[in-house]
Amino acid sequence: MKLTKIHAEDCEVCLTLGDSAKGIANTIGFDYDEIELDYLANNPSPIRDYVVGYHLDEQGMVEVPIYIITTSEGDIQGSSVVKDIKEVDNLIGAWKKWESSQKQS
């Protein structure tokens, strides 16, 4: 599994968070990556398509930072715009609950 942070150079929350989520990812055995929003916008990828489909507002803007959970095959499992590190932890916790429920079905 991988946790990816989508960020922008001029985003105050992004700067405040830095790579603090890397520690959370490492603790639970996830890989960690960061992608700058301008790079994402200019390079086609499944993550870019996902961000456009799920995080683009009516004015064509994207709020950042966005944290995305993907499988090792690149399948997107969930995402959230966050304001602090606790919300990153909440995203991972919610995904773990969902994953656990899928195993019981």
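Preceding this paragraph is the structure being described.
First, a word on scope: everything that follows refers to the structure included in this document.

About the criteria used
- Residues numbered from 1 in each chain as written.
- Predicted model: local features only at pLDDT ≥ 70, side-chain atom pairs only at ≥ 80, totals over all residues.
- Heavy atoms only, no water.
- Pairing = 2+ DSSP bridges.
- Helix = DSSP H or I, 4+ residues; strand = E, 2+ residues; numbered from the N terminus.
- Salt bridge = Lys/Arg side-chain N within 4 Å of Asp/Glu carboxyl O.
- Buried < 20%, exposed > 50% of the residue type's maximum accessible area, 1.4 Å probe, protein only.
- Disulfide = S-S within 2.5 Å.
- 1 Å grid on protein atoms, 1.4 Å probe; cavity = no way out; pocket = protein on both sides within 12 Å on 5 of 7 lines; lining within 4 Å.
- Points joined across faces, edges and corners; volume = space filled by probe spheres on them.
- Nonpolar A, V, L, I, M, F, W, Y, C, P; charged D, E, K, R; others polar.
- Axes fitted to C-alpha atoms, helices over the stretch in contact; angles between N-to-C directions.

Here we take up the pairing of strand E4 (residues 76-81). Two elements, strand E3 (residues 66-70) and E4, share 5 bridges in a ladder whose sense is antiparallel. Bridging across to E4, Tyr-67 finds its partner in Ser-80.

So, about the pattern of salt bridges. Summed over all chains, the structure comprises 1 salt bridge. With a shortest N-O distance of 2.3 Å, Lys-83 and Glu-63 are connected by a salt bridge. Separated by 20 residues along the polypeptide, Lys-83 in the loop between E4 and helix H5 (85-104) and Glu-63 in the loop between helix H4 (46-55) and E3 bring together distant segments of the chain. Note on Glu-63: relative accessible area 42%, which makes it partly exposed.

With that settled, the discussion passes to the state of the cysteines. Under the definition given, this model contains 1 disulfide. Put simply, Cys-11 and Cys-14 are joined by a disulfide, and their sulfur atoms are 2.4 Å apart. One quick way to see it: the torsion about the S-S bond of Cys-11 and Cys-14 is about 80°, and its sign makes the bridge right-handed.

Looking now at the layout of surface pockets. Computed from the structure, the largest pocket encloses a volume of approximately 230 Å³. Considering the residues around the largest pocket, the lining is formed by 16 residues, among which Lys-2, Thr-4, Ile-47, Thr-70 and Gly-74 are closest to the centre. Breaking the lining of the largest pocket down by element, the ones donating at least two residues are strand E1 (2-7), strand E2 (31-36), helix H3 (37-42) and H4. A breakdown of the residues in the lining of the largest pocket according to their chemical character gives 7 nonpolar, 7 polar and 2 charged. The computed volume of the second largest pocket comes to approximately 180 Å³. Lining of the second largest pocket is provided by Leu-37, Asp-38, Leu-40, Ala-41, Arg-48, Val-51, Val-52, Leu-56, Gly-60, Met-61 and Val-62. Elements with a contribution of two residues or more to the lining of the second largest pocket: H3 and H4. Here the lining of the second largest pocket takes 4 residues from H3, the largest share from any one element.

Moving on: the sheet that holds E4. Spatially, E2-E1-E3-E4 is the arrangement adopted by the 4 strands of the open sheet, whose pairing is mixed. Every other strand in the sheet has two partners, leaving E2 and E4 as the edge strands with one partner each. On average, each strand axis in the sheet is inclined to that of its neighbour by 20°, with strand direction left out of account. By the bridge criterion, 5 bridges tie E1 to E3 in an arrangement that is antiparallel.

Limitation: the analysis is restricted to geometry and does not speak to function.
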